[in-house]
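Secondary and tertiary structure notes
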Amino acid sequence: MRTLILGCKGQLGKDLLTVFGECGDTTGFDLPEVDVSKADQVARAVADVDPEFIVNSAAYTNVEGAEDDEKNAFLANEQGARIVAEAAEARKIPVVYISTDFVFDGLKTTPYEPGDEANSLSVYGRSKRAGELAVQEATQRFFIVRTAWLYGPGGNNFPEKIIGAAQKNPLLKVVHDEVGSPTHTWDLALAVRALSETSAYGVYHAVNTGSCARDEFARAILFATGIDTPVEPCSADAFPSKAARPAYSVLSTSDLERATGYVMRDWQTALDHYAQRRNSS
Ligand SMILES: NC(=O)c1ccc[n+]([C@@H]2O[C@H](COP(=O)([O-])OP(=O)(O)OC[C@H]3O[C@@H](n4cnc5c(N)ncnc54)[C@H](OP(=O)(O)O)[C@@H]3O)[C@@H](O)[C@H]2O)c1
């Protein structure tokens, strides 16, 4: 299968290139060559690659920054989503749009299913939800894949922030009242590939299984990377931020398993794999 990956220099994009590259011609573009919010640039990429499958992993991902930069967040996350989905529809090929747990308000206490009502708390979350709706308007051959707490090699992600902070401070205070599903980009890329082998179009959740609070994740990151800085729990109020985040955003992967037979690994095993990749790079 010939696959086009957009946003290929991002942490997920890089693993998508590798995972899809294992089973077919795979070409990726990112800024500045292909801006997903520019229809002519997307059209040129599609004409050059002649793909049979498109994965749109390009996004404005600065959650705090989006609060003061709504126009650009919506440009990439909504307009870009629409343009890429329309380009896929014009060729009658499927498209994947990667979305986020931030479309939810976090008021549930059991894992979110794909059909649960979205109610975003932040500009970023609203822009991604708008992107989901734009994709669904543009085509029926879509996979909307929501993930959460994503980290991968070379990314500016939570594990790297914790490792950096632990190397500079004798003690870390990390939020306890935020619970979610940490997800390794490698596992998400495999889930997207598993979906690409089906025509079970729809909305899916793809996260490593299990869940934890941020402070528990931080302790696991430091343990996996051999750093012994202690982590003390604190409340989210201790770190005031512009963007509100869901307090609980665990996602259920049952639909993904039913559609593909692919079972996501637990988050601890996926984190160990990340630590090994980090060591060997
Ligand atoms: N990170 C998370 O915790 C998380 C959680 C849930 C869902 N997601 C979703 O997962 C997907 C992948 O995220 P990620 O963590 O891999 O993000 P990332 O590392 O920030 O990668 C996104 C890539 O898209 C590029 N990009 C931004 N605007 C673009 C545009 N208009 N046209 C083309 N490329 C553009 C970025 O370039 P620049 O770096 O130059 O801007 C970057 O290379 C995104 O859809 C994101 O919303 C992420």
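Below, the structure is looked at part by part. Keep in mind the model is a prediction, meaning the values are calculated, not measured. (Residues numbered from 1 in each chain as written. Predicted model: local features only at pLDDT ≥ 70, side-chain atom pairs only at ≥ 80, totals over all residues.)

1. Here we look at the overall build of the protein chain
Assigned secondary structure in the protein chain consists of ten helices and twelve strands. Relative to its length of 281 residues, the protein chain is compact, with a C-alpha radius of gyration of 18 Å against a globular reference of 19 Å. In terms of principal-axis extent, the alpha carbons of the protein chain reach across some 55 × 40 × 35 Å. When each of the 281 residues of the protein chain is scored for burial, the buried share is 50%. In the protein chain, of all internal contacts separated by at least 6 residues, the share reaching a separation of at least 24 is 80%. (Helix = DSSP H or I, 4+ residues; strand = E, 2+ residues; numbered from the N terminus. Rg over C-alpha atoms; globule rule 2.2 N^0.38 Å. Buried ≥ 20, exposed ≤ 12 C-beta atoms within 10 Å, placed from the backbone. Contact = placed C-beta atoms within 7 Å.)

2. With respect to the environment of Phe-20
Along the chain, Phe-20 turns up in helix H1 (residues 11-21). Residues Phe-20 and Ser-196, 176 residues apart in the sequence, show an inter-C-alpha distance of 9.6 Å. Ignoring anything within four residues of it in the chain, the contact list for Phe-20 reads Thr-3, Ile-5, Thr-26 and Arg-193.

3. Description of the nonpolar core
Counting residues in each nonpolar core, the largest one holds 84 residues, and the members touching the most others are Leu-16, Val-84, Ala-85, Val-145 and Ala-191. For this core, the element with the most residues is helix H4 (residues 70-90), which contributes nine residues. Setting aside chain neighbours within four positions, we find Val-145 in contact with Val-96, Ile-98, Ser-99, Ala-191, Val-192, Leu-195, Tyr-204 and Ala-206. (Core = buried A, V, L, I, M, F, W, Y, C linked by C-beta atoms within 7 Å.)

4. Remarks on the environment of Gly-24
Relative to the helices and strands, Gly-24 is located in the loop between H1 and strand S2 (26-29). Residue Gly-24 is classed as partly exposed on the basis of its 13 C-beta neighbours within 10 Å. Distance from Gly-24 to Leu-12, taken between C-alpha atoms, is 18 Å for residues twelve residues apart in sequence. The residues touching Gly-24, leaving out its near neighbours within four places in the chain, are Met-1, Arg-2 and Thr-3.

5. Overview of the site of the ligand
Close contacts around the ligand come from 28 residues, with Gly-7, Gly-10, Leu-12, Ala-58 and Ala-59 the closest. Mapped by element, the contributors of at least two residues to the shell around the ligand are H1, H4 and strand S4 (95-100). Counting residues per element, the shell around the ligand draws most heavily on H1, at three residues. (Near = placed C-beta within 6 Å.)

6. Side note on the packing of helix H8 (residues 214-224) against helix H10 (residues 267-279)
Running from amino to carboxyl end, H8 crosses H10 at an angle of 40°, the nearest separation of the two axes being 9 Å. Here H8 is positioned oblique relative to H10, judged by the angle of their axes. As for how H8 packs across H10, the hand of that crossing is right-handed. Note on element contacts: H10 touches H8 through Gln-268, Leu-271, Asp-272 and Ala-275, opposite Ala-220, Ile-221 and Ala-224. Classifying every residue of the contact of H8 with H10 by side-chain character gives five nonpolar, one polar and one charged. (Axes fitted to C-alpha atoms, helices over the stretch in contact; angles between N-to-C directions. Parallel < 35°, antiparallel > 145°, perpendicular 65-115°, else oblique. Left-handed = near helix turned anticlockwise from the far one by under 90°. Nonpolar A, V, L, I, M, F, W, Y, C, P; charged D, E, K, R; others polar.)

7. Section: the sheet that holds strand S1 (residues 3-6)
Spatially, six strands are ordered S2-S1-S3-S4-S5-S10 in an open sheet, and the strand pairing comes out parallel. Two strands lie at the open edges of the sheet, namely S2 and strand S10 (202-205), each paired on one side alone. Here the average twist between neighbouring strands, direction ignored, is 20°. Here S1 runs beside S2; their pairing, made up of four bridges, is parallel. Following the sheet pairing, Leu-4 is matched in S2 by Thr-27. Set on the sheet, helix H7 (residues 185-196) makes contact with strand S3 (53-56), S4, strand S5 (142-147) and S10; between it and S5 the angle comes to about 160°. (Pairing = 2+ DSSP bridges.)

8. So, unusual backbone geometry
Most peptide bonds are trans, and most residues other than glycine sit at a negative phi. Here the residue pair Leu-31 and Pro-32 is connected by a cis peptide bond, since its omega of 0° sits within 30 degrees of zero. Along the chain, the position of Pro-32 falls in the loop between S2 and helix H2 (39-49). The phi dihedral of Lys-92 falls on the positive side, at around 60°, and the residue is not glycine. Tracing the chain through its elements places Lys-92 in the loop between H4 and S4.

9. Here we look at the environment of Val-34
Its place among the elements puts Val-34 in the loop between S2 and H2. Assessed through the 23 C-beta atoms surrounding it within 10 Å, Val-34 is described here as buried. In this view, Val-34 contacts Leu-6, Phe-29, Gln-41, Val-42 and Ala-45; residues no more than four positions away in its chain are not counted.

10. Things to note about H2
What H2 keeps buried is the set Val-42, Ala-45 and Val-46. Taken down its axis, H2 places every buried residue within 95° of arc, on the same side. For H2, exposure combined with an orientation more than 90 degrees from the buried face picks out Asp-40, Ala-47 and Asp-48. Buried residues along H2 sit in contact with S1, S2 and H4. In the stretch just after H2, Asp-50 is the one whose phi turns positive, near 50°. (Arc of directions from axis to C-beta.)

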